[in-house]
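# Per-entry structural report
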Amino acid sequence: MASGTVYSQRDPMLKKRDDFEDVLEERRNSSDLRYGLKCYTPVLYKGVTPCKPSMLKSMVLQSDQLHYVIKQFSKETGRQTDSVQEEVSAILDEMAHSLQLSTVRFFAFTLCKIFKSLFRSICVNEEGIQRLQQAIQDHPVVLLPSHRSYMDFLLMSYLLYTYDLSLPVIAAGMDFMGMKFVGEMLRMSGAFFIRRSFGGNKLYWAVFSEYVKTMLKNGFAPVEFFLEGTRSRTSKSLTPKLGLLNIVMDPFLKGEVFDVNVVPVSISYERILEETLYARELLGIPKPKESTSGLFKARKVLREDYGSIHVYFGQPVSVRSLAEGRVNRCQFNLVPRHIPGRPEEDIHNFVNDSAYKLVRAQEDNMVLKPWVLLASLLLHNQAAGQEQGMALDELTAQAVWLRDLSRQYGAFLHWPEQMSPSEVVSSSLSLHRGLVRTCKGKVQLALEHGGAGGPVKSQSPAALEEKLLSQAVIVLSCASYRNQALHVFLRPALLATAVHAASSNQKQEVFSTFSFLRNIFSNEFILCPGATVQDFEEACYLLVKTGALQVTQQEVLVNERGHRTLALLVSMLDPFLQGYKAVCRFLCEEATEALTEKQFIPAIRKFIIKHLLAGRLRYVEVLSSDLQKNSLAAFLRLGAVEKIKGVDRETLKVNVVMVNSLEDTLGGKLPTRKAVAARL
């Protein structure tokens, strides 16, 4: 019998989403020069007048907080106050933006040319732009775009200029500042440069935080940064970094502003410019250093077709509403505002929970293209051993099935309804012809035959490894597109894997397995802290709704027509499962007492290559350094591995018993444990 339980999840199909407008359409029919020189009069927060960069620097240097930190730093180090003040000024000069409208106009004109060459369309939700316009006038605004490409911050400024909105000041890495001419032009278009790591430098942190807060509190411009901290090389959302989010929430928490509006922005690329570069980085090939000469050498990309971009400006999120009932701001009245201090645990938890919610909001509004579904199906087919590929008609039929399933799961899917399914599939395959090929009517990944499937005696080990790595570039590139849809399928996939792995169909047993998998993969995917039961209920709801499962008070049962759905869902998580098991094997068999975290990735890569060439591993995806780093982070968090500080370096100590237990559990041998008390 099916369960009569009413799940709390709102049906994702009921969610209304905004319509899109192609901003390139008008650009193709009018003068780029006129666009660059257009009248630009953005409305600012409460009508404040624009602030010159020199005035902004002066305000930061005169702030009470910075004066306090300078005095304290002078006492601690014994240095003269004037000397410390000079260092602070130098840090600020290195960091600060110097926004100039003339440079912005030049960029607008140049980007018009580039975007029209690269992309078929850049689609924006106009309702989101209208909401943003109102938010900028009401309260200080923080823009949080997703980060999948170098194009992201250029695209954001281009769109805000297009819609006559206040240009953001953008947190950028120091790498860009080293680019001759380009670094200074980025500074003059609103970028402020920050070091990748502060190394406990209190003075640098004080200047940086005061600079950001001064811009935000006074509403001179929206502040923009990437919550994930860096570009995702895998197209999965990364665990959010809390440093900048702490800073922008601080003025509200201390009562310096009434509210702060945080706007998540989702940028979805049909084809990512850096797809091959990312795959090579994941295989351990260092990324090229950012340079002006490198930029000019990359001109050949202008001859390529990168499809469309969808940019979705989400609902502004009020920090005041997020904090309501969560944070007691009275604690900030006990210490003068200008005295910095570490946030209490409740503040840290609040900021952390907010960060996860904001990244989830980004994920929910990611627009998926048909190729994302095709890549998922082709990888599933490859893993099933069908190396000859899929017939085009079969691939089209499966894509239509997966399209309908993903929509039922709440996916924000852009599938051109004016085209037939076969036309949609053919168009997607054509755009990604570097990753797939059609041979004798069958579609397959563009891999050379041989190499990873088993030992090939006729070739040297070096040649086999080279062939394997060239295959891995294709597979990891395809996987990055499948990963774009993982947030849609993740919770049902965790449940499908739990049903497959659990020793019985008892609901509590399935929940325990689900809970274990969710916990071990919480470094891999965006899974909100403390939401295990909610995620389980959502997964049950979606799989019951689509007819794959029956869920009673005591049991989770698979329907006859549910096997196809469950098989696909299990295959989506299986590469990650096998990757974590491979890391367990390495830690038990080959990790020495002298192994450091820096040595871990090269060592595990060598181990995995050996097993792939011997045919003992099925998925080339396990070569991804991202997966390897996430698995190590999970094992460190669970206590299966710990860092031991030595005299000159930090080594990794492996708890072999615990790692073996984790490997058994990942293989489906669930250890007996006390049932988790949960509302099931």
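A brief look at the structure comes next.

Thresholds, definitions, all that
- Residues numbered from 1 in each chain as written.
- Predicted model: local features only at pLDDT ≥ 70, side-chain atom pairs only at ≥ 80, totals over all residues.
- Heavy atoms only, no water.
- Salt bridge = Lys/Arg side-chain N within 4 Å of Asp/Glu carboxyl O.
- Helix = DSSP H or I, 4+ residues; strand = E, 2+ residues; numbered from the N terminus.
- Buried < 20%, exposed > 50% of the residue type's maximum accessible area, 1.4 Å probe, protein only.
- Core = buried A, V, L, I, M, F, W, Y, C linked by side-chain atoms within 4.5 Å.
- Contact = heavy atoms within 4.5 Å.
- Phe/Tyr/Trp six-rings, centres within 6.5 Å; stacked < 30°, edge-to-face > 60°.
- Pairing = 2+ DSSP bridges.
- Axes fitted to C-alpha atoms, helices over the stretch in contact; angles between N-to-C directions.
- Parallel < 35°, antiparallel > 145°, perpendicular 65-115°, else oblique.
- Left-handed = near helix turned anticlockwise from the far one by under 90°.
- Nonpolar A, V, L, I, M, F, W, Y, C, P; charged D, E, K, R; others polar.
- Patch = residues over 30% accessible without salt bridge, like charges linked within 9 Å, V, L, I, M, F, W, Y side chains within 5 Å.
- Areas by Shrake-Rupley, 256 points an atom, 1.4 Å probe, with all protein chains shown as cover.
- Lys, Arg positive; Asp, Glu negative; His and termini not counted.
- Charge placed at Lys NZ, Arg CZ, Asp CG, Glu CD.
- Expected span 1.5 Å × (residues − 1).

## Quick word on the pattern of salt bridges
Inspection of the entire model under this criterion finds 30 salt bridges. With a shortest N-O distance of 3.2 Å, K217 and E256 are connected by a salt bridge. Taken together, the residues span a long stretch of sequence, with K217 in helix α11 (residues 202-218) and E256 in the loop between α12 (243-253) and β7 (261-269) at a distance of 39 residues. A relative accessible area of 25% places K217 in the partly exposed class.

## Side note on the nonpolar core
By size, the foremost hydrophobic cluster in this structure holds 149 residues, and its most contacted members are I122, F313, W371, L495, F600 and F635. The dominant element in this core, judged by the number of residues it contributes, is helix α24 (residues 563-589), at 14 residues. In this structure I122 touches E21, D22, V23, L24, F115, L155, L159 and I309, once residues within four positions along its chain are discounted. A96, A221, L253 and C528 belong to the second largest nonpolar core, which has 71 residues in total.

## Some points on the packing of aromatic side chains
All chains considered together, the criterion is met by 21 aromatic pairs. Centroid distance Y40 to Y161: 5.1 Å. Interplanar angle 35 degrees. Geometry classified as tilted. Highlighted residues: Y40 in the loop between α2 (32-36) and α3 (53-61) and Y161 in helix α8 (residues 151-162), separated in sequence by 121 residues. A single burial state applies to Y40 and to Y161, both of which are buried.

## What about the sheet that holds strand β12 (residues 442-445)?
Across the sheet, which stays open at both edges, the three strands sit in the order β10-β12-β11 with antiparallel pairing between neighbours. Only two strands of the sheet have a single neighbouring strand rather than two, namely β10 (390-391) and β11 (436-439). Two strands pair when backbone bridges link them, and β11 and β12 are joined in this way by four bridges, in the antiparallel orientation. Within β12, the residue paired with R437 across the bridge is Q444.

## Observations concerning the packing of α24 against helix α27 (residues 656-666)
At a minimum axis distance of 9 Å, the contact between α24 and α27 shows a crossing angle of 155 degrees. Between α24 and α27, the angle is such that the two are roughly antiparallel. Remark: the crossing between α24 and α27 carries left-handed chirality. Across from L577, Y580, K581, C584, R585, L587 and C588 in α24, the residues of α27 making contact are V656, V659, N660, L662, E663 and L666. Residue classes in the contact of α24 with α27 are distributed as nine nonpolar, one polar and three charged.

## A closer look at a negative patch on the surface
Together, E21, E25, E26 and E126 make up a region of like negative charge exposed at the surface. Structurally, the position occupied by E26 is in helix α1 (residues 23-28).

## A look at the environment of M249
Tracing the backbone through its elements, the reader meets M249 in helix α12. Accessibility expressed as a relative area gives 0% for M249, which makes it buried. Residues M249 and S63 lie 186 residues apart in sequence; the distance between their C-alpha atoms is 18 Å. Sequence-distant contacts of M249, defined by excluding residues within four places in its chain, comprise V319, L322, F350, V351 and S354.

## Let's talk about helix α23 (residues 532-545)
If you check α23, its first and last C-alpha atoms are 20 Å apart, about what 14 residues at 1.5 Å a residue would give, namely 20 Å. Taking burial as the measure, the 14 residues of α23 include ten buried ones, the bulk of the element. Regarding α23, the residues found buried are T532, V533, D535, F536, E537, A539, C540, Y541, L542 and L543. In this structure, the buried side of α23 is in contact with α18 (392-408), α21 (486-501), α22 (507-520), β13 (549-551) and α24. Looking one or two residues beyond α23, the residue adopting positive phi is G547, at roughly 80 degrees.

## Regarding the environment of L227
By secondary structure assignment, the location of L227 is in the loop between β6 (223-224) and α12. Between the C-alpha atoms of L227 and S237, which are ten residues apart in sequence, the distance is 9.8 Å. In this view, L227 contacts L144, P240, K241, L245, A355, L358 and V359; residues no more than four positions away in its chain are not counted.

## As for the pairing of β7
Among the nine residues in β7, nine count as buried, and that is most of the element. Side-chain alternation along β7 places N261, V263, V265, I267 and Y269 on one buried face and V262, P264, S266 and S268 on a second face that is also buried. Bridge count between β7 and strand β9 (residues 317-318): two bridges; the pairing is antiparallel. Directly across from V262, in β9, lies its bridge partner V317.

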